[in-house]
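Coordinates in review
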Amino acid sequence: MAPFSSAPEWDKAVSAIAESSSVLLLAHVTPDADALGSALGLGLALEGMGKQVQVTVGETGFTTPASLSFLPGTELIRTPEDLSPVDLVISCDVSSDARLGSAKSILQEAAVSIAIDHHPSFTGFGTIHLVDPKAAATAEIVLELIDRLELPITKDIAGAIFSGLTTDTGSFKYQ
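Scoring rules and cut-offs
Residues numbered from 1 in each chain as written. Predicted model: local features only at pLDDT ≥ 70, side-chain atom pairs only at ≥ 80, totals over all residues. Heavy atoms only, no water. Pairing = 2+ DSSP bridges. Helix = DSSP H or I, 4+ residues; strand = E, 2+ residues; numbered from the N terminus. Axes fitted to C-alpha atoms, helices over the stretch in contact; angles between N-to-C directions. Buried < 20%, exposed > 50% of the residue type's maximum accessible area, 1.4 Å probe, protein only. Polar contact = N/O pair within 3.5 Å; in protein donor to acceptor, adjacent residues only side chain to side chain. Contact = heavy atoms within 4.5 Å. Salt bridge = Lys/Arg side-chain N within 4 Å of Asp/Glu carboxyl O.

Now for the sheet that holds strand β2 (residues 52-57). Pairing between the strands of a sheet comes from backbone hydrogen bonds, and it takes one of two forms, parallel or antiparallel. If you trace the five strands from one edge of the open sheet to the other, you get β2-β1-β3-β4-β5, paired in parallel fashion. The sheet is open, and its two edges are formed by β2 and β5 (128-131), each paired on a single side. Sheet twist, expressed as the average angle between the axes of neighbouring strands with direction ignored, equals 15 degrees. The pairing of strand β1 (residues 22-27) with β2 spans six bridges and is parallel. Among the inter-strand pairings, L25 is bridged to a residue of β2, identified as V55.

Residue placement: T79 occurs in the loop between β2 and β3 (88-92). For T79, a relative accessible area of 12% puts it in the buried group. Within polar-contact distance, the side chain of T79 engages the side chain of D82 at 2.8 Å. Not counting chain neighbours up to four residues away, the residues in contact with T79 comprise T56, G61 and F62.

As enumerated under the stated definition, the model contains three salt bridges in all. D97 is the salt-bridge partner of K104, the closest N and O atoms lying 3.9 Å from each other. K104 sits in the partly exposed class, given a relative accessible area of 28%. The closest approach of N and O atoms between R148 and E144, which form a salt bridge, is 2.7 Å. With R148 and E144 both in helix α4 (residues 138-148), this residue pair falls four residues apart, about one helical turn.

By themselves these figures say nothing about function.
Below, the structure written as structure tokens:
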């Protein structure tokens, strides 16, 4: 596997999103608020751009856990078996493609994919990397991407992103 870029590839990511019409956002199996909140927040922002958006977790028959059911944008979630074809795949908070479960093959088949992550253990999968181990949460990187896309932050987008940031910092008790 080729090493990933040591600096986030912002321009490539913005261009890939601008050129896409349909986007699939992937969160890791057994998602936490950073994974699912990041995917849903970005999904809502991309939907505001007029993109066709789907969000999935690589678990057959996945349903949103009760602990995350408050997240805005859950209507975007589809089970892996109910997905429509897309032209861009974006993974959120996934340090290794092994954490994608049944969605791993979707990522591997994608012509263009963006990996958004904050883990130092990121393994370098995907074609474009928005990886910053200094970020407190993937949600922080997602917010930067939304800003670079010059998209408005709605209450729902902010709620999803805030949830990811809150949980990954222990309610702002640690970095």
